[in-house]
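Per-entry structural report
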Amino acid sequence: DYIKSARALGIRTGLCVASWDNLTTKGLIKIEPQRVFVWNEPMKTEAVELHGIPPSSVVVTGAQCYDRWFGFKPGTTREEFCRRAGLNPERPYLVYLCSSRFIAPDEVPFVKKWIRHMRECGTPVIRDMGILIRPHFQNAEQWRNADFSRFENVTIYPPEGENVIDPETQATFYDTIYHSTAVVGLNTSAMIEAGILLKPVFTILSSENKETQEGTLHFHHLVKGGLLYMSSSFEEHLSQLCRVLDGDDSYRNRIEEFVRYFVRPYGMDVPGTPRLAEEIENLGRLERPLPERTTLYLRTFRLALMPLALLSSAFYQLFLKKKKPKKAQKLKEREKKRKIGKVKKGKKKMGQPPKREPEQIRVAKG
């Protein structure tokens, strides 16, 4: 509606694609803006091939939302952070980065299975590693009653998850990744952020999450870009982890390459935010488009459809719409249920006298 209105008024239009999955999971661009701003070339391809935007209208700026992590510094020592999070500071730890509800609506059983394989591993350094589970802030409900007490040196931190939007939450998130040995996850943007810190990133393909891993287009950006250690079993995953802990740092080159092409396509030292600002200013310098007027044909067509629209609305209101009970009726029904509950709770067994309070008994005896 904003784009339609702007075009009708002759106002320049642009769309800033906020995240890596927006062009493949958030619907189609139905009204074409003059400019579409994306992070990188793979997203430009999506805008052109999936949404029909002309290549000349798509502008690559870099991932401006990740600029903050370049040059960020830790706010705690490793020992301070581990004690705050509830981990043993004498042992290395892994971070499990939880995914959104769309990706993993029931993630707890999978994580428990993964931890069980970790604890049963024959390699002591893997078996004894600390594990920090970081809930996704939009999918934290399932973690509130999750019980990991039978596993030593496992913590859920922060317990409710956090939206990383202010200096305090940014510092917590950064320190969580910075002090870790590696991260593990299914399919989440935090894996990209871990890559910016050059941490090894692991994922395990599982049958229960197949549709939201390999079945999503944005997951393949991580695969093709070389960010991930990807395994098809827990055994393969532990073998990959063992190689990294033994000193294999070959992942660093491919992760740097991934960050260079996916996050900072103009160079590791070239942030995306100034480029986006510059391109928005360039959009403002374009010749102002002529207002788009509604044609006589379209106006006539809309008038012809008006009776049908009114009829459809009336039919829906009368026959299809579920009528909500009035507030008074709702309260009456709630009170009725409460009374029924009290009656059921107060039923006594046949043949048993009603119980009396001690004070009542003493009075009766007196």
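Conventions used here
- Residues numbered from 1 in each chain as written.
- Predicted model: local features only at pLDDT ≥ 70, side-chain atom pairs only at ≥ 80, totals over all residues.
- Heavy atoms only, no water.
- Core = buried A, V, L, I, M, F, W, Y, C linked by side-chain atoms within 4.5 Å.
- Buried < 20%, exposed > 50% of the residue type's maximum accessible area, 1.4 Å probe, protein only.
- Helix = DSSP H or I, 4+ residues; strand = E, 2+ residues; numbered from the N terminus.
- Phe/Tyr/Trp six-rings, centres within 6.5 Å; stacked < 30°, edge-to-face > 60°.
- Lys NZ or Arg CZ within 6 Å of the ring centre and 35° of its normal.
- Patch = residues over 30% accessible without salt bridge, like charges linked within 9 Å, V, L, I, M, F, W, Y side chains within 5 Å.
- Areas by Shrake-Rupley, 256 points an atom, 1.4 Å probe, with all protein chains shown as cover.
- Salt bridge = Lys/Arg side-chain N within 4 Å of Asp/Glu carboxyl O.
- Lys, Arg positive; Asp, Glu negative; His and termini not counted.
- Charge placed at Lys NZ, Arg CZ, Asp CG, Glu CD.
- Pairing = 2+ DSSP bridges.
- Right-handed = clockwise from strand over helix to strand, strands pointing away.
- Axes fitted to C-alpha atoms, helices over the stretch in contact; angles between N-to-C directions.
- Parallel < 35°, antiparallel > 145°, perpendicular 65-115°, else oblique.
- Left-handed = near helix turned anticlockwise from the far one by under 90°.
- Contact = heavy atoms within 4.5 Å.
- Nonpolar A, V, L, I, M, F, W, Y, C, P; charged D, E, K, R; others polar.
- pLDDT = per-residue confidence, 0-100.

**Quick word on the nonpolar core**
In this structure, Y96, W114, I115, M118, I133, W143 and F148 are the most contacted members of the largest nonpolar core, which totals 81 residues. Here this core takes six residues from helix α5 (residues 108–119), the largest share from any one element.

**Focus on the packing of aromatic side chains**
Taken as a whole and assessed by the stated rule, the structure comprises 20 aromatic pairs. Ring plane angle 40 degrees and centroid distance 6.4 Å describe the contact between F148 and F151, whose orientation is recorded as tilted. Note on F148: relative accessible area 7%, which makes it buried. Of the aromatic side chains, those joined through ring pairs into one cluster are W39, Y66, F258, Y261 and F262. Positioned over the ring face of F148 is K112, at 5.6 Å from the centre of the ring.

**What about a positive patch on the surface?**
A grouping of K4, R293, R299 and R302 is seen on the molecular surface, where their side chains present a positively charged patch. By the element assignment, R293 lies in the loop between α12 (272–285) and α13 (296–320). Overall, the relative accessible area of 67% leaves R293 in the exposed class.

**Section: the pairing of strand β9 (residues 228–231)**
Sheet topology places strand β8 (residues 201–204) next to β9; four bridges connect them, and they run parallel. Across the sheet, I204 pairs through a bridge with S231, a residue of β9. Handedness of the crossover joining β8 and β9 through helix α9 (residues 219–225): right-handed.

**What about the packing of α5 against helix α10 (residues 234–245)?**
Interaxial distance between α5 and α10 falls to 10 Å at its minimum, and their mutual angle equals 55 degrees. On the basis of their axis angle, the class for α5 and α10 is oblique. Classified by chirality, the crossing of α10 by α5 is right-handed. Contacts between α5 and α10 involve F110, K113, W114, H117 and M118 on the former and, on the latter, F234, E235, H237, L238 and L241. Of the residues belonging to the contact of α5 with α10, the class tally is six nonpolar, two polar and two charged.

**Description of the pattern of salt bridges**
This model, assessed by the stated rule, comprises ten salt bridges. Note that R91 and E152 form a salt bridge whose closest N and O atoms lie 3.7 Å from each other. Taken together, the residues span a long stretch of sequence, with R91 in the loop between α4 (78–85) and β4 (93–97) and E152 in the loop between β5 (130–134) and β6 (154–156) at a distance of 61 residues. Residues E141 and R144 are paired through a salt bridge, measuring 2.4 Å at the closest nitrogen-oxygen approach. The partly exposed category is assigned to R144, whose relative accessible area is 47%.

**Concerning the sheet that holds strand β3 (residues 58–60)**
With respect to topology, three strands assemble into an open sheet ordered β1-β2-β3, the strand pairing being parallel. Each edge of the open sheet is held by one strand with a lone partner, namely β1 (14–16) and β3. The mean inter-strand angle of the sheet, taken between neighbouring strand axes irrespective of direction, is 20 degrees. Helix α3 (residues 41–51) contacts β2 (35–38) and β3 of the sheet and is inclined by roughly 170 degrees relative to β3. Along the sheet, α12 contacts β1, β2 and β3; its crossing angle with β2, the most-contacted strand, is approximately 175 degrees.

**Considering the confidence of the model for the chain**
Scored by pLDDT, the chain has a mean of 89; 88% of the residues are at 70 or more. Below pLDDT 50 for its whole length, residues 347–366 participates in two contacts with residues either more than four positions away or in separate chains.

**Topic: the sheet that holds strand β7 (residues 182–185)**
If you walk across this open sheet you meet the six strands as β6-β5-β4-β7-β8-β9, and the pairing is parallel. The sheet terminates laterally at β6 and β9, the two strands that pair on one side only. Ignoring strand direction, the axes of neighbouring strands in this sheet form an average angle of 25 degrees. Direction of pairing for β4 relative to β5: parallel, over a ladder of five bridges.

**Considerations on unusual backbone geometry**
Residue P158 is reached from Y157 by a cis peptide bond, and omega for that bond is -10 degrees. Within the secondary structure, P158 sits in the loop between β6 and α7 (167–178). Of note, the phi angle at N153 is positive, near 60 degrees, even though the residue is not glycine. In this structure, N153 sits in the loop between β5 and β6.

**Side note on the pairing of β7**
Residues A182 and V184 line one face of β7 and the alternating positions V183 and G185 line the opposite face, and both faces are buried. As judged from the four bridges shared by β4 and β7, these two strands associate in the parallel manner. Residue V95 lies in a different strand from β7, and its bridge partner there is V183. Inspection of the sheet shows β7 paired to β8 by two bridges, in the parallel sense. Counted as the bridge partner of V183 is V201 from β8. Note that the unit made of β7, helix α8 (residues 190–196) and β8 has a crossover that is right-handed.

**Examining a nonpolar patch on the surface**
The grouping of Y297, L298, F301, L305 and L308 at the surface amounts to a nonpolar patch, some 510 Å² of accessible area in total. With respect to the helices and strands, L308 occurs in helix α13.

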